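Structural overview for review
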Amino acid sequence: MIVAMQDSASDEQIQNVIEHLVRMGFSVHRTTGVRQTILAAVGARIDFDTRNLEVLPGVQEVHRISAPYKLAGRSFRPEGTILKFPNGLQIGGNEVIVMAGPCSVESREQLFTISEQIAKAGARVLRGGAFKPRSSPYAFQGLGLEALKLLREAGDKFRLLVISEVMEISQIEMMVPYVDLFQVGARNMQNFNLLRELGKVKTPVLLKRGISATLEELLLSAEYIMAGGNYNVILCERGIRTFETYTRNTMDISAIPIIKKLSHLPMTADPSHGTGRRDKVAPMARASLAAGADALLIEVHHDPDHALSDGAQSLFPDQFQELMNELRIIAPAVGRQIA
Ligand code: PEP
Ligand code: MN
């Protein structure tokens, strides 16, 4: 950590800051310039709050050098994390995984129709919400356990892994037998009690970036899961809220290479929620692949006009097939392959 003192700071103020740092367990190296004094402090506790120093008299600015997360940070596993599933699928390796399916599981017929088509097109993971976090309490809330059973059945039939969103602690145990990955939605990225409980299971967790979360906050949320012992975490950019209203969210493509640099965890992109518009999903999916995403999460519906949620951003199966063809062309250009 670097503490820059004000030009006008008195020696007494500088000494006071040094004593503060030493009491906190830092060793301090003082550089006294002609005008300004700089204090370099090393050995901090990871939970140190720099604002405690910023408010001391004579302090101009404080910069943290080390990351406030350790398990999720790149230096914990410089070579990167590859998640391996029992069917041989790997996420985080050279192959890029496409996860697809409806926003919500609506019926057996709907799920099986879509599953067959996405499997044929080359998706490897089936997505589908059983518990839905809807902005309105009057909107469709999901079929619950019935949806989980359908997901497992469809996943097994079409040889797809299954991912579904967990919204609360009480659903974890119920979901474990049915899903291969838990999805933690944007609205729950900072539900710390839920994250802590997910740290106690072995099932991999795909953690979505919150609607207005910084990348540091996303990594700290991953740290919650990992600190509990579950290192099988995948991160996901799904668009953030900005002043732009044309799209549902603003797809932050830059989050992909940034996370790949800051963290060893596999990174996913969800261009469906990132844009909210069917016609913008494919361009953002292509861009995400080119930017280094390890997996893509895409909503597909055979009859999106009648979908119970997120129809406007769901691709028709033939659009999804076309996108897969394009992704297979782009992947080798960036040294990857589509699984
Ligand atoms: C979803 O995947 O359908 C979903 C609700 O995602 P998010 O949490 O990103 O809004
Ligand atoms: Mn959705």
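Attention in this report is confined to the structure presented alongside it. These figures come from a predicted structure and were not determined experimentally.

In this section: the overall build of the protein. When helices and strands are counted, the protein shows 11 helices and 15 strands. Along the first, second and third principal axes, the C-alpha atoms of the protein reach 75 × 40 × 40 Å. Burial analysis of the protein (339 residues in total) assigns 52% to the buried set. A fraction of 67% describes how many contacts in the protein between residues 6 or more apart in sequence connect residues 24 or more apart. Working note: accessible area of the protein is about 15300 Å², and carbon and sulfur atoms make up 52% of it. One way to put it: in the protein the 37 positive side-chain charges average out to a point 3 Å from where the 37 negative ones average out.

Where charged atoms from two side chains of opposite charge approach closely, those side chains can pair. Tallying each qualifying case throughout the model produces 17 salt bridges. A salt bridge links Asp270 to Lys208, with the nearest nitrogen and oxygen atoms 2.7 Å apart. Placement of the pair is Asp270 in the loop between β13 (267-269) and α9 (271-275) and Lys208 in strand β11 (residues 205-208), with a sequence separation of 62 residues. On the accessibility criterion, Asp270 (0% relative accessible area) is buried. Of the residues examined, Lys208 reaches a relative accessible area of 3% and is grouped as buried. Close ionic contact of Arg286 with Glu326 constitutes a salt bridge, the shortest N to O distance being 2.9 Å. Here Glu326 lies in helix α11 (residues 317-333) and Arg286 lies in helix α10 (residues 278-291), a separation of 40 residues in the sequence.

Looking now at the side chain of Thr275. On the secondary structure map, Thr275 appears in helix α9. Thr275 gets classed as buried once you look at its relative accessible area, which sits at 2%. At a separation of 2.8 Å, a polar atom in the side chain of Thr275 contacts the main-chain carbonyl oxygen of Pro271. Dropping the residues within four chain positions of it, Thr275 is found in contact with Thr247, Arg248, Asn249, Lys280, Val281 and Met284.

Note on placement: Glu173 falls in helix α5 (residues 169-175). Taking the C-alpha atoms as reference points, Glu173 and Val42, 131 residues apart in sequence, are found 43 Å from one another.

Now for the site of ligand 1. Around ligand 1 sit 13 residues in total, of which Arg127, Gln183, Ala186, Lys208 and Arg238 are the nearest. One nitrogen or oxygen atom from the side chain of Lys132 is found 2.9 Å from an oxygen atom belonging to ligand 1. Side-chain polar atom of Gln183 to an oxygen atom of ligand 1: 2.8 Å apart, as the coordinates give it. When isolated, ligand 1 has an accessible area of 300 Å², and the protein chains bury 97% of it. Judged by its atoms lying within 2 Å of the grid points, ligand 1 is housed in the largest pocket.

To continue, consider the environment of Arg45. One can find Arg45 in the loop between β3 (37-42) and α2 (51-54). Its relative accessible area of 55% is what places Arg45 among the exposed residues. Along the chain, Arg45 and Arg108 lie 63 residues apart, while their C-alpha atoms are 52 Å from each other.

Cut-off values and rules
Residues numbered from 1 in each chain as written. Chains lettered and ligands numbered in written order. Predicted model: local features only at pLDDT ≥ 70, side-chain atom pairs only at ≥ 80, totals over all residues. Heavy atoms only, no water. Helix = DSSP H or I, 4+ residues; strand = E, 2+ residues; numbered from the N terminus. Buried < 20%, exposed > 50% of the residue type's maximum accessible area, 1.4 Å probe, protein only. Contact = heavy atoms within 4.5 Å. Areas by Shrake-Rupley, 256 points an atom, 1.4 Å probe, with all protein chains shown as cover. Lys, Arg positive; Asp, Glu negative; His and termini not counted. Charge placed at Lys NZ, Arg CZ, Asp CG, Glu CD. Salt bridge = Lys/Arg side-chain N within 4 Å of Asp/Glu carboxyl O. Polar contact = N/O pair within 3.5 Å; in protein donor to acceptor, adjacent residues only side chain to side chain. Near = heavy atom within 4 Å. 1 Å grid on protein atoms, 1.4 Å probe; cavity = no way out; pocket = protein on both sides within 12 Å on 5 of 7 lines; lining within 4 Å. Sits in = over half its atoms within 2 Å of the grid points.

These figures come from the coordinates and say nothing about function on their own.
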